[in-house]
Amino acid sequence: MKTCLVIEGGAMRGVYGAGVTDAFLDNNIKFDAVIGVSAGAIHGLTYIAGQRGRNVRYMKKYCGDKRFMSFYSLVTTGSLVGEKFCYDEIPNCLDPFDYDSFAASATDFYCVCTDVEKGTPVYVKLSDLRKHMDYLLASASMPMVSRIVNIGGRKFLDGGITDSIPVEAAMKLGYDKIVVVRTRQRDYRKHNEGHTLGKLMYGKRYPRLVKAMENRSAMYNSQQKLCNELADQGRIISIEPSRHVEISRTEKDPDVINEMYLLGLHDAQNSIEEVIKYLSEG
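All of the points below concern the structure found in this document. Nothing here was measured: the structure is a model prediction, and the numbers come from that model. (Residues numbered from 1 in each chain as written. Predicted model: local features only at pLDDT ≥ 70, side-chain atom pairs only at ≥ 80, totals over all residues. Heavy atoms only, no water.)

Observations concerning the side chain of Ser-217
Argument step 1. Within the secondary structure layout, Ser-217 lies in helix α11 (residues 216-232).
Argument step 2. Residue classification places Ser-217 among the buried residues on the basis of a relative accessible area of 10%.
Argument step 3. For Ser-217, the residues in contact, after removing those within four places along its chain, are Lys-190, His-191 and Asn-192. (Helix = DSSP H or I, 4+ residues; strand = E, 2+ residues; numbered from the N terminus. Buried < 20%, exposed > 50% of the residue type's maximum accessible area, 1.4 Å probe, protein only. Contact = heavy atoms within 4.5 Å.)

Structure, rendered in structure tokens:
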């Protein structure tokens with residue numbers, strides 16, 4: 001039986017996933033693969049590298065820094081999230097990422113990106129993050145507030161546009177036992193959002209991307225429904241927030257960030273025995 005951990009994103013809300021994965025590290029729970037989307041990819045990498053507490057630490061420390069995620073960054077760089085600060089200075093200098101432990105791990109890692117021209121998800125298997133950091137950047141590049149990431153002639157944006165909770169993708173990749181970390185509560189449903197700005201920005205050059213953006217709420221709600229059904233049938237284990245935390249996608253309050261992180265830690269700890277039993281069954 002091949003096991004897989006799927007981690008949803010959600011910008012700063014995604015720190016819930018850091019709490020869950022830290023609980024897994026505390027209990028030595030490992031998977032054959034991790035599939036992460038956007039912020040979920042960032043937390044999945046740190047989990048594989050075994051760096052407990054790293055992500056919540058730097059998020060609380062730098063959430064108010066204009067170089068991290070701010071209107072200042074959007075105006076000066078074209079991206080709400082500071083690319084150089086978040087994908088170079090933090091992992092290489094300020095709070096170093098353990099590239100070697102990640103590369104040495106037996107756990108496969110996939111990050112989900114969206115192909116801008118095709119409007120479809122791409123599941124990129126990464127082994128050397130030093131060479132492939134741009135894919136992580138692409139996976140977390142939110143539409144309309146991020147620059148399109150060009151990699152090898154292909155254009156990418158946030159994986160959450162086309163596959164927010166890639167449970168079906170994990171099944172198609174051949175994984176039998178799947179644990180899903182969701183960052184919204186079980187009964188959450190996404191409302192259909194207007195996409196006027198998206199049409200203005202991308203409509204002429206990337207009509208398939210716009211179509212994917214328009215379909216996102218329906219896609220997300222379908223995935224929520226599927227996760228609930230599969231969890232009820234015992235085919236997957238889903239860990240999601242047990243209560244609501246009022247947290248912004250661009251949250252600046254370190255106490256709120258910590259609250260969301262601790263909720264993930266708490267919810268995962270309460271599910272540990274169930275997870276261990278599920279993963280060990282043939």
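Details of the packing of aromatic side chains
One pair of aromatic rings is described through two measures. These are the centre distance and the angle between the planes.
Argument step 1. Per the stated rule, a full pass over the model turns up 8 aromatic pairs.
Argument step 2. Look at Tyr-62 and Phe-85: their rings are 5.3 Å apart centre to centre, the planes differ by 85°, and that puts the pair in the edge-to-face class. Of this pair, Tyr-62 sits in helix α3 (residues 54-62) while Phe-85 is found in helix α5 (residues 83-94), placing the two residues 23 residues apart along the sequence.
Argument step 3. Put simply, the rings of Phe-97, Tyr-99, Phe-102 and Phe-109 touch in pairs and so form one group of aromatic residues.
Argument step 4. Geometry around Tyr-220 places Lys-190 over its ring, the cationic atom sitting 5.0 Å from the centre. (Phe/Tyr/Trp six-rings, centres within 6.5 Å; stacked < 30°, edge-to-face > 60°. Lys NZ or Arg CZ within 6 Å of the ring centre and 35° of its normal.)

Regarding unusual backbone geometry
It is generally the case that most residues other than glycine have a negative phi and that most peptide bonds are trans.
Argument step 1. Within the chain, Ser-38 stands out as a residue other than glycine whose phi angle is a positive 55°.
Argument step 2. Along the chain, Ser-38 falls in the loop between β2 (33-37) and α2 (39-49).
Argument step 3. The phi dihedral of Met-144 is positive, around 75°, even though this residue is not glycine.
Argument step 4. Following the sequence through the fold, Met-144 ends up in the loop between α7 (129-139) and β5 (149-151).

Re the packing of α2 against α3
Argument step 1. Taken N-terminus to C-terminus, the directions of α2 and α3 make an angle of 130°; their axes are 9 Å apart at the nearest point. Taken as axis vectors, α2 and α3 run oblique relative to one another. For the pair α2 and α3, the contacting residues are Ile-42, His-43 and Thr-46 in the first and Arg-54, Asn-55, Tyr-58 and Met-59 in the second.
Argument step 2. Classifying every residue of the contact of α2 with α3 gives 3 nonpolar, 3 polar and 1 charged. (Axes fitted to C-alpha atoms, helices over the stretch in contact; angles between N-to-C directions. Parallel < 35°, antiparallel > 145°, perpendicular 65-115°, else oblique. Nonpolar A, V, L, I, M, F, W, Y, C, P; charged D, E, K, R; others polar.)

What about α2?
Argument step 1. Across the 11 residues that make up α2, a large majority, 11, are buried.
Argument step 2. For α2, the complete set of buried residues consists of Ala-39, Gly-40, Ala-41, Ile-42, His-43, Gly-44, Leu-45, Thr-46, Tyr-47, Ile-48 and Ala-49.
Argument step 3. Of the residues trailing α2, Gly-50 is marked for its positive phi of about 75°.

Observations regarding helix α1 (residues 15-26)
Argument step 1. In this model α1 runs 17 Å from its N-terminal to its C-terminal C-alpha over 12 residues, within 8% of the 16 Å that 1.5 Å per residue would give.
Argument step 2. Of all 12 residues making up α1, 10 are buried, and the element is well covered by its neighbours.
Argument step 3. Val-15, Tyr-16, Gly-17, Ala-18, Gly-19, Val-20, Thr-21, Asp-22, Ala-23 and Phe-24 are the residues of α1 that are buried.
Argument step 4. Trailing α1 by a residue or two, Asn-28 shows a phi angle of about 55°, which is positive. (Expected span 1.5 Å × (residues − 1).)

Some words on the pattern of salt bridges
Any two side chains of opposite charge can pair, so long as their charged atoms come close to each other.
Argument step 1. Per the counting criterion, the structure on display carries 16 salt bridges.
Argument step 2. A salt bridge links Lys-84 to Asp-88; the shortest N-O distance between them is 3.1 Å. Placement of the pair is Lys-84 and Asp-88 together in helix α5, with a separation of 4 residues, close to one helical turn.
Argument step 3. For Lys-84, a relative accessible area of 54% puts it in the exposed group.
Argument step 4. Taking the shortest distance from any N to any O, the salt bridge between Arg-182 and Glu-240 comes out at 3.1 Å. One end of the pair, Arg-182, is in the loop between β7 (177-181) and α9 (196-202); the other, Glu-240, is in the loop between β8 (236-239) and α12 (254-280), with 58 residues separating them in the sequence.
Argument step 5. On the basis of relative accessible area, Arg-182 is assigned to the buried category, the value being 0%.
Argument step 6. Overall, the relative accessible area of 17% leaves Glu-240 in the buried class.
Argument step 7. Shared partners join several salt bridges into a network, and the residues in it are Arg-54, Arg-57 and Asp-95. (Salt bridge = Lys/Arg side-chain N within 4 Å of Asp/Glu carboxyl O.)

Taken by themselves, the reported measurements are silent on function.
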